[in-house]
Each structure stands twice: as C-alpha cells, then as structure tokens.
Number of protein chains: 2
Amino acid sequence: MKNARLIIADSEHDADMLYASGMFVPDPFIAIELDGAWHGLFSPLEVDRARKASRFAHIHLDSDWRVIAENKGWSGLAGCAAAFLDAGGAREIRVPASFPLLHADRLRSWGFTVSASPDGFFPDRAIKSETEIGHLAQAERLTRQSMQQGEHYLARCSIGDDGILRDPDSGKKVKSDDVRRVIETFLIGKGAMPAHTIVACGREGADPHNTGSGYIRAGELIIIDIFPRVLTTGYWGDMTRTYVKGKASTAQKKMYQAVREGQAIGLSMVAAGVDGSAIHQAITDHFHAAGFTTGIVKGKQTGFFHGTGHGVGLQIHEAPRISIRSDILQAGQAVTVEPGLYYPGVGGVRLEDLVVVRDGGCDNLTRYKCTLEIP
Amino acid sequence: MKNARLIIADSEHDADMLYASGMFVPDPFIAIELDGAWHGLFSPLEVDRARKASRFAHIHLDSDWRVIAENKGWSGLAGCAAAFLDAGGAREIRVPASFPLLHADRLRSWGFTVSASPDGFFPDRAIKSETEIGHLAQAERLTRQSMQQGEHYLARCSIGDDGILRDPDSGKKVKSDDVRRVIETFLIGKGAMPAHTIVACGREGADPHNTGSGYIRAGELIIIDIFPRVLTTGYWGDMTRTYVKGKASTAQKKMYQAVREGQAIGLSMVAAGVDGSAIHQAITDHFHAAGFTTGIVKGKQTGFFHGTGHGVGLQIHEAPRISIRSDILQAGQAVTVEPGLYYPGVGGVRLEDLVVVRDGGCDNLTRYKCTLEIP
C-alpha cells in the first residue's frame, strides 16, 4: 500500500494549501500527493483558473470523483478525496495538524489510516527561496512606505492645549483610527491588505496586543506595528516603530535606548546555526542589566514578556521562533527581531525589523531608521 | 461523567470562536462549555483584554492549567484544555467539524472521547438577533456606499478611441485594479476590510470566480461584487451589480433583464418556511423560459451554474443555502439572492441583494437600484 499526503482547505487562510497550490481559492478544495506528484481536485467553478494558475502537476475535476465516491457511500470533500486515494492505491494518509476532525473521522470510518503531522507539514516552507525573499522584500518595502505615511501624518499634526493631537486638515482631535486609516489606505492602494494594524498610544501601548483606539497625545509613546499581506503573492511584511510626538521624557528615552540596544544585539547575533534562545537570552540579560526588569506588577505583566521574533512568509507567524525555547536558525529563514519593553505607567516601546538568516549574519529587509521624536 | 463542548481556534478566522468569545483574538485559544456555562482560557497577553471585552461567563489564565497539564504529561493547548476538562469531570467532548485533528488525537490518547459536529456547531448562528441584523445592515450600507463610489468613478471615466476607459484625472487606461482601489480605499476608510472584490469586465466576467485584472472597456459587461467585513463587529456585507459603460447591446440588455426578473422572483419568494430549493428552481425555470440555457459548451460552464444564495453573518458564506438542495428558510436568517448568467462570448450578469428572512416575506438590507448603463 502506498503512502499519500492530503490537504483539504481553502488557500486564503491555509498557508500549506497556498504553498501546495500556488493560487488563491476562497473555498476548501483537495490537494493530494501520490507517488511524489501533487494533484489538485477542483470544482467546475475553479478548474479553468487552476489549469492556468496552479502549481499542481495534475489537475482534476472533483465532480468526476464525487460520482465515484457516492457509489461507495462516501460523501462530501472527504468522500471525493477518499475516492481519488482509493483509486491510487493509498490507504495511509498524512495530513496537516490543522486537518478538520470531521473529514479525518470519516476517512477513518472508510478504512483509511490518517495521521496528523505534529510539526510543519511543509518544513521547507521555513527556508525561503530567493524568489520568496523577493516577495518578502516587496511586502516589507510597502510596509516601510506605509510607516513613513503614518510618520509624516503625525509630523503634520499640531498639538492641542489639552495635549491631544489635531488633524492638520480638519483640526479635529486625532485618534488611533485616524493614523491607522492613513497607513491602511496607502497599503490598499498598493495592493496589500493590512491586518489589525497597531497604533497604540500611552497606556494602550503598554499592552502589546492592544491595537489602540484612544486619542493620540503629545509626549506619550506611540507604538505602530504594521503587518500587511501582499494580495498577489500572499507574503507578509512586518515592522514596528515607536514614536513620541513632541519631546520625549528622560524615562521614555532611556527605555527607547534600551530597546534599540536590545534590537542591535539581536540583529548582530542572527545567523545560520545560532540558537534563537541564545539571542532571546542575550536581549533579556541586556534589559536586566539596564535596569528593566520583567515580572508581574499589580497583576499586570511588565518588562519584556513576549518572544524576540517569529518566522514570516505565507503566514504572519510561522517557524522558526526566537524565544526561550531552543530553535536553531537556518540560512534562508525570514525572521523578525522585535524586542519590547512595557510598563503600565510609562507605556510601551517595540522596534521590529524583518531579516533573512544567512551564513555568518543576516540581511535586513526593513532598512528603516529608528527615530523616537516626531517634531 | 459530564459532557462538554470545546473550541481551540483563533477568532479572526473561526466564526464559531468569535461567536463564543465576542472578541477578536489573532492566535488560537481555548473555549469550553461545561454545565451550560462558557469558559475562556487566555494567555497572559490576552487575559486583561478578555476580562473587559469577551462574552465568556468565566475567564481563566491558560498558564495556570498548563502547569497542571504538564504534570500529567499533556502538552500544548490541547493539554491545557484537557487539564481544565479533567478537573471539571468531563470526558465526552463535542467539537466543531473543523477542529484540528492533532489536538483531537492527543485528547483521545489521554482518554477523552472527542466527536466532531457534522452540522453547525452553533445552529443558532444562522438565526440573527436584531442586534446582529443591525450589524449586517451597517455592513451592507458601507458596501452599497462603496458600490456608489465605483459607479461614480466609472461615470467620470472617458472612453478612449480603442474602447478602453480612461482615468478622469491621469488620463491613463483603466484596469480592474483601478476601480477596485476606489472601492476598497473607501471601505478601509470606513473601518471595513474588503476581501477579493470582483471587478470583472467582458470575458473575465463570464467566470464567476475571476476577480478581474484586465482593462475596462466600454460596451462590455462589468460585474462588481463587493463583500467587506466590518472590523469592529466581524459581520460581512455582500452585494453585486453589473454595469455597461456607454451603450449596452440588445443581447446584453436581454440577459440583464432576465437576471433582474430572476432576482425579483427570488426576492418575492423568500420567507420563513419556504424551501430554498423551490426558489432556486423558480429562477432556473424562468431563465430557461427566457431562452437562457445552462450547460457545458466547449468545455466551459454556461448559463446559471451557481447557487441562488447563501447565509451571511460572521462568515461570508454560512448556513443556510438557496440552491438545488432542500433547505427550509427560517425567520431571522440573512441570505443573499444573487442569480447570474454567464456566457463566454457575452460576459456575465449577476445581481445580488442581502435580505433578512421574515414571516411572510423578507427585508432587503441592500436597497440599491439596478442600473445597467453608466453614461
């Protein structure tokens, strides 16, 4: 009996399916690897487009297999896949960890052995080809340009007597949403889809998952974290900068300086063969030595309490990780380096670049200055 | 032994998790129903936000349960969920059809019985409350306004000697992307995230899944299908109109008229207790009577070869369906009515409104005119 691999998913949200198919399909469909060749099974609505645009070695009409499946009493997409696998003589099937349980249980009830891959289904996805690095560089270039748009907007804003920024055109009080709109409108215009862009000021910035909703005030830390997906390629950009409109306080400058140094340490260490956990530890040690401790204060996490970085590709978060867990970096991986410090009283500082791991170092795809104060 | 229900998913993409939690969380987390009450288990990064924003009856820190899980040799999010379920005395667990197989197999190996719901995990999701209908109406209002933006842009374009439209400002040839940008920039500015907006002209419009990439030409059918998601609520809008810039041909007018009549038949039939398949059949019959046949011609599908409509809510495609399969409509469901005709030589026509099923009829949330010709 032959082994096979199977994915049933759409390729808008499932990066493995996008990697296997090379095309965006909004509804779930079937990809099967048999004897080393990948087959795509498409609905009549999609099959023409798949013949032109997909990277499958073979394209099939799923309705042909549905008829065969129904004769055996096998229904749905799982039934269709089962009919194809059965005809190919495959009974042992490997699927991604995220494979839908209902499909798996049906396949099992029809006599197939189905096992979920505990690690990545396509380990190669972490190692980017130069073409993929080109796609990531394009995404990061748009991300950087949108950051500049946000920065220029903040520069154009005036400061009201209440400390809240004022829109340069309307004179209205500026909220996170206004800055976000400038950034996201630019990205959309360039064919990139922003996700939940973070523009978080003051106490909102002290919570790294708060996307920000309040007023933007002078003299407070403003974290801007932008991570759009380029629609044509599916690759993501990811970068973060932190600003203060007007003058930063001594405490803010000290915190910013510590994060800059932490990021510089991280960037200097990233290279093929280096353990991500050593990088994370070096940054953590630096923060500690600079007097920035990490821990729970009054029930809130403070200090540096997230990982240093994550892989970026067809998913915004993918392998590898730079964190407390051991993970040896490999040449061709694309990772963020994004240390941050968060204290409820002061706010948050995070600086994030996207780099490609190389032998002996890394290539920075972000290549953008870090400026704290916006006049 | 008690029964329990379990979801492990993020709530950006998983509508059941968004329904259970009432808040957007980008990374997978745990929701458990025990003794009729829903519990949310959150990471330290998310727990504060969850306490404020989620609709769970009880909020827990997942790291507390992770420690207990690790003592039993149970790892990951599945281990965390297992520890919580075990402490609650639950061993029989119901999960959504899409539940990740790897988690399910781990839970089973630890002695839990896990069964996937073959139908919707929250059947109530199809029946919208008046609050939810308000969210859908808001989404559809933005969708309609963005359609007007696209229409106004096409009206402002001139027609080149080659028949290709020219941008009113730059004088450049107009492509699908230019119209899409006008629509999507508007939506982003209003806090709604467009998906793959369709602007498909001529032969591209004859393939209902082609999002469109070519030039926009006068005298050709232009299908515009817009389906954005409102970022604050998670509800989607969905509408389609078909236009011709300049004068439509007799064949185009006849096809458009047939689709208008088909849609009118559909809209007049939607009501609680009506079988969706009867609506679909009535429209199909109308097309046939008007001389518009459906079938494969030269290897291409032609005519009316998709369903009449689908439910819309926290997912763009959800229960119920108006199609060849029997599905009795219920009051409070929100469904599209979107017949279309497609012929490779002529192009495509589709008209789509979003309506709420009521006793004895439906409320149209789209409320927008159908105009074929744009001068």
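Everything quoted here is computed from the prediction, not taken from an experiment.

Parameters and conventions
- Residues numbered from 1 in each chain as written.
- Chains lettered and ligands numbered in written order.
- Predicted model: local features only at pLDDT ≥ 70, side-chain atom pairs only at ≥ 80, totals over all residues.
- Heavy atoms only, no water.
- Helix = DSSP H or I, 4+ residues; strand = E, 2+ residues; numbered from the N terminus.
- Expected span 1.5 Å × (residues − 1).
- Contact = heavy atoms within 4.5 Å.
- Pairing = 2+ DSSP bridges.
- Axes fitted to C-alpha atoms, helices over the stretch in contact; angles between N-to-C directions.
- Buried < 20%, exposed > 50% of the residue type's maximum accessible area, 1.4 Å probe, protein only.
- Arc of directions from axis to C-beta.
- 1 Å grid on protein atoms, 1.4 Å probe; cavity = no way out; pocket = protein on both sides within 12 Å on 5 of 7 lines; lining within 4 Å.
- Points joined across faces, edges and corners; volume = space filled by probe spheres on them.
- Nonpolar A, V, L, I, M, F, W, Y, C, P; charged D, E, K, R; others polar.
- Least-squares fit on C-alpha atoms with pLDDT ≥ 70 in both.
- Domains from an automatic or database assignment.
- Buried area = accessible area lost by both parts, 1.4 Å probe.
- Salt bridge = Lys/Arg side-chain N within 4 Å of Asp/Glu carboxyl O.
- Polar contact = N/O pair within 3.5 Å; in protein donor to acceptor, adjacent residues only side chain to side chain.
- Left-handed = near helix turned anticlockwise from the far one by under 90°.
- Core = buried A, V, L, I, M, F, W, Y, C linked by side-chain atoms within 4.5 Å.
- Phe/Tyr/Trp six-rings, centres within 6.5 Å; stacked < 30°, edge-to-face > 60°.
- Lys NZ or Arg CZ within 6 Å of the ring centre and 35° of its normal.

**Student:** How should helix H7 (residues 176–189) of chain B be read in this particular structure?
**Tutor:** An α-helical turn contains 3.6 residues, so a residue and the one three or four places further along point in the same direction. Helix length check: H7(B), at 14 residues, gives a terminal C-alpha distance of 20 Å against a target of 20 Å (1.5 Å per residue), a fit within 8%. Packed against the buried residues of H7(B) are helix H7 (176–189) and strand S9 (192–194) of chain A together with helix H6 (130–156), strand S9 (192–193), strand S10 (198–201) and strand S11 (221–226) of chain B. A positive phi of about 80° marks Gly191(B), the residue just after H7(B).

**Student:** Would you mind showing me how to read the sheet that holds strand S13 (residues 239–245) of chain A here?
**Tutor:** Paired through backbone hydrogen bonds, the strands of a sheet run either parallel or antiparallel to each other. Residue and element names in this part refer to chain A. With respect to topology, 4 strands assemble into an open sheet ordered S10-S11-S13-S23, the strand pairing being mixed. Pairing within the sheet leaves two strands with one partner each, and these edge strands are strand S10 (198–201) and strand S23 (373–374). Pairing of S13 with S23 involves 2 bridges; the strand directions are parallel. Note that in S23 the partner of Val 244 across the bridge is Glu 373. In the packing of helix H6 (residues 130–156) onto the sheet, the strands contacted are strand S11 (221–226), S13 and S23, and the crossing angle to S13 comes to about 10°. Against the sheet, H7 makes contact with S10 and S11, and its axis sits at roughly 160° relative to S10, the strand it touches most.

**Student:** In this structure, what is going on with the pairing of S10(A)? I would like to understand it.
**Tutor:** The side chains of a regular strand alternate, first on one face of the sheet and then on the other. All names here are of chain A. The alternating pattern of S10 places Ile 198 and Ala 200 and Val 199 and Cys 201 on opposite faces, both of which are buried. Alignment of S10 against S11, held across 4 bridges, turns out to be antiparallel. Bridge assignment links Cys 201 to a residue of S11, and that residue is Ile 222.

**Student:** Looking at this structure, I do not really get helix H8 (residues 250–269) of chain B. What am I missing?
**Tutor:** Residue and element names in this part refer to chain B. Over its 20 residues, H8 runs 29 Å from end to end, which matches the ideal 28 Å to within 8%, given 1.5 Å per residue. Within H8, the full set of buried residues consists of Gln 252, Met 255, Tyr 256, Ala 258, Val 259, Gly 262, Gln 263 and Gly 266. Along the axis of H8, the buried residues cluster in a sector spanning 160°; they form a single face. Summarising the geometry of H8, the exposed residues directed more than 90 degrees from the buried face are Thr 250, Lys 254 and Ser 268.

**Student:** What should I look at first to understand the layout of surface pockets in this one?
**Tutor:** Gaps left between atoms show up when a probe the size of a water molecule is rolled over them. For the second largest pocket, the calculated volume is near 470 Å³. Lining the second largest pocket are 20 residues; nearest its centre among them are Ala206(A), Asp207(A), Lys300(A), Asp48(B) and Lys52(B). Elements that contribute at least two residues to the lining of the second largest pocket include exactly strand S15 (300–302) of chain A together with helix H2 (47–53) of chain B. Partitioning the lining of the second largest pocket into residue classes produces 9 nonpolar, 3 polar and 8 charged.

**Student:** Help me understand the relation of the copies chain A and chain B in this model?
**Tutor:** The operation relating the pair of chain copies consists of a rotation about an axis and a translation along that axis. It takes a turn of 180° to lay chain A on chain B, together with a shift of 0.0 Å along the axis; the resulting RMSD is 0.0 Å. The symmetry that links the two subunits is that of a two-fold axis. Comparing interface residues between copies, 100% of those in chain A also sit at the interface in chain B, which points to an isologous, same-surface contact.

**Student:** Just to check I follow, could you spell out the domain arrangement of chain A for this structure?
**Tutor:** How big an interface is tends to be expressed through the accessible area that disappears when the partners come together. Residue and element names in this part refer to chain A. As assigned here, chain A comprises domain 1 (2–121) and domain 2 (126–374). The C-alpha centroid of domain 2 is placed 38 Å from the C-alpha centroid of domain 1. Counting residues at the interface gives 5 residues for domain 1, matched by 8 residues for domain 2. Of all residues in domain 1, Ala 15, Tyr 19 and Phe 24 bury the most surface against domain 2, accounting for 71% of the area lost on that side. Viewed at the interface, domain 2 and domain 1 are joined by 0 salt bridges. Counting across the domain 1 and domain 2 interface gives 1 residue pair in polar contact (both at pLDDT 80 or more).

**Student:** I would appreciate a short explanation of the pairing of S11(A) in the present structure.
**Tutor:** Residue and element names in this part refer to chain A. Burial runs high along S11: 6 of the 6 residues are buried. Alternating residues of S11 divide into Leu 221, Ile 223 and Asp 225 and Ile 222, Ile 224 and Ile 226, and every residue in both groups is buried. Sheet topology places S11 next to S13; 6 bridges connect them, and they run antiparallel. The residue bridging Asp 225 from the neighbouring strand is Thr 240, located in S13.

**Student:** Would you take a moment to explain the packing of helix H5 (residues 101–109) of chain A against helix H5 (residues 101–109) of chain B for this structure?
**Tutor:** To describe two helices that pack against each other, one gives the angle between their axes and the distance between the axes. Where H5(A) contacts H5(B), the two axes come as close as 9 Å, and the packing angle between them is 65°. Along this stretch, H5(A) crosses H5(B), giving a crossing that reads as right-handed. Together, Leu101(A), Ala104(A), Asp105(A) and Arg108(A) of H5(A) and Leu101(B), Ala104(B), Asp105(B) and Arg108(B) of H5(B) make up the contact between the two elements. The residue makeup of the contact of H5(A) with H5(B), split by class, is 4 nonpolar, no polar and 4 charged.

**Student:** How should the nonpolar core be read in this particular structure?
**Tutor:** Burial of nonpolar side chains together is a common tendency in soluble globular proteins. One finds Leu6(A) and Leu6(B) to be the most contacted residues of the largest nonpolar core, which totals 60 residues. Contacts of Leu6(B), omitting those with residues within four sequence positions, involve Ile30(B), Ala31(B), Ile32(B), Ala81(B), Leu85(B), Ile93(B), Arg94(B), Val95(B), Pro96(B), Phe99(B), Leu107(B) and Phe121(B).

**Student:** Just to check I follow, could you spell out the pattern of salt bridges for this structure?
**Tutor:** A side chain with one charge can pair with a side chain of the opposite charge if their charged atoms come near. Residue and element names in this part refer to chain B. All told, the structure shown has 50 salt bridges over all chains when counted by the stated rule. Note that Glu 318 is salt-bridged to Lys 128, the shortest N-O span being 2.4 Å. Of the two residues, Glu 318 sits in strand S17 (residues 318–322) while Lys 128 sits in the loop between strand S6 (113–116) and H6, which places them 190 residues apart along the sequence. Accessibility expressed as a relative area gives 6% for Glu 318, which makes it buried.

**Student:** What is the right way to look at the interface of chain A and chain B in this model?
**Tutor:** Listed as interface residues are 40 residues of chain A and, on the opposing side, 40 residues of chain B. Where chain A abuts chain B, roughly 3500 Å² becomes buried across the two surfaces, and 58% of that area is made up of carbon and sulfur atoms. Of all residues in chain A, Leu45(A), Leu101(A) and His209(A) bury the most surface against chain B, accounting for 21% of the area lost on that side. Between the two partners, chain A and chain B, sit 4 salt bridges.

**Student:** Whenever I open this one, unusual backbone geometry confuses me. Can you help?
**Tutor:** Note on backbone geometry: most residues besides glycine have negative phi, and most peptide bonds are trans. Residue Pro320(A) is reached from Ala319(A) by a cis peptide bond, and omega for that bond is -5°. Relative to the helices and strands, Pro320(A) is located in strand S17 (residues 318–322). For Asp35(A), which is not a glycine, the phi torsion comes out positive at approximately 50°. For Asp35(A), the position within the fold is in the loop between strand S2 (29–34) and strand S3 (37–42). Asp35(A) gets classed as exposed once you look at its relative accessible area, which sits at 58%. Even without glycine at this site, Arg367(B) takes up a positive phi of about 40°.

**Student:** Please explain the sheet that holds S10(B) as it appears in this structure.
**Tutor:** Residues and elements named next belong to chain B. Read from one edge of the open sheet, 4 strands run S10-S11-S13-S23, paired in mixed fashion. If you trace the sheet from one side to the other, it starts and ends with S10 and strand S23 (373–374), each paired once. Running at roughly 10° to strand S13 (residues 239–245), H6 makes contact with S11, S13 and S23 of the sheet.

**Student:** Just to check I follow, could you spell out the packing of aromatic side chains for this structure?
**Tutor:** Aromatic ring pairs are reported here in terms of the distance separating the ring centres and the angle at which the planes meet. Following the criterion strictly, the structure yields 22 aromatic pairs over all chains and no others. When the centroid spacing of 5.5 Å and the interplanar angle of 20° are considered together, the rings of Trp74(B) and Trp110(B) count as stacked. Of the two residues, Trp74(B) is situated in the loop between helix H3 (62–71) and helix H4 (76–87) and Trp110(B) in the loop between H5 and S6; the sequence distance between them amounts to 36 residues. Pair check on accessibility: Trp74(B) and Trp110(B) agree, each one buried. Following the ring pairs from residue to residue traces out a cluster consisting of Tyr19(A), Trp38(A), Phe121(A) and Phe122(A). Here the basic side chain of Arg91(A) rests over the ring of Phe112(A), its NZ or CZ set 4.2 Å away from the ring centre. A cation over an aromatic ring shows up here: Lys175(A) above the ring of Tyr215(A), its NZ or CZ 5.1 Å from the ring centre.

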